[in-house]
Amino acid sequence: MDGKRRKDIKPGLNVSVVQKQDQRSGKLTDGIVKDILTNSATHPHGIKVRLKSGVVGRVKEIKS
């Protein structure tokens, strides 16, 4: 599942995010969602979140 809809993302979910500096390379960082930073219901590039590790990025994939 991709991370373009805010309602699909909850704190505690295991996700893969792309950080701002990794957007060109597409390098993904895995982690657990701590905070949801995007206020809108959807975002074409993925909902922005903060992971428990402190990393901020846009959700590209929700792990099951």
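Coordinates for the structure precede this section.
Residues numbered from 1 in each chain as written. Predicted model: local features only at pLDDT ≥ 70, side-chain atom pairs only at ≥ 80, totals over all residues. Heavy atoms only, no water.

Colleague: Please clarify how the pairing of strand β4 (residues 56-62) should be interpreted in this entry.
Modeller: A regular strand carries its side chains on alternate faces of the sheet. In terms of strand pairing, strand β1 (residues 14-18) meets β4 through four bridges, oriented antiparallel. Paired with V15 across the strands is I62, a residue of β4. Pairing of strand β3 (residues 48-51) with β4 involves three bridges; the strand directions are antiparallel. Within the sheet, the bridge partner assigned to R50 lies in β4 and is V56. (Pairing = 2+ DSSP bridges. Helix = DSSP H or I, 4+ residues; strand = E, 2+ residues; numbered from the N terminus.)

Colleague: Sorry, what's going on with the sheet that holds β1 here?
Modeller: Sheet strands line up and pair through hydrogen bonds in the backbone, either parallel or antiparallel. Taking strand neighbours around the barrel as the criterion, the four strands line up as β1-β2-β3-β4 in a closed arrangement whose pairing is antiparallel. Along the sheet, successive strands turn relative to each other by an average axial angle of 75 degrees, direction set aside. (Axes fitted to C-alpha atoms, helices over the stretch in contact; angles between N-to-C directions.)

Colleague: Please clarify how the environment of K27 should be interpreted in this entry.
Modeller: Within the fold, K27 resides in the loop between β1 and β2 (28-36). The exposure class assigned to K27 is partly exposed, which follows from its relative accessible area of 47%. Taking the C-alpha atoms as reference points, K27 and N14, 13 residues apart in sequence, are found 17 Å from one another. Setting aside anything within four residues of it in sequence, one finds K27 in contact with V17, V18 and D22. (Buried < 20%, exposed > 50% of the residue type's maximum accessible area, 1.4 Å probe, protein only. Contact = heavy atoms within 4.5 Å.)

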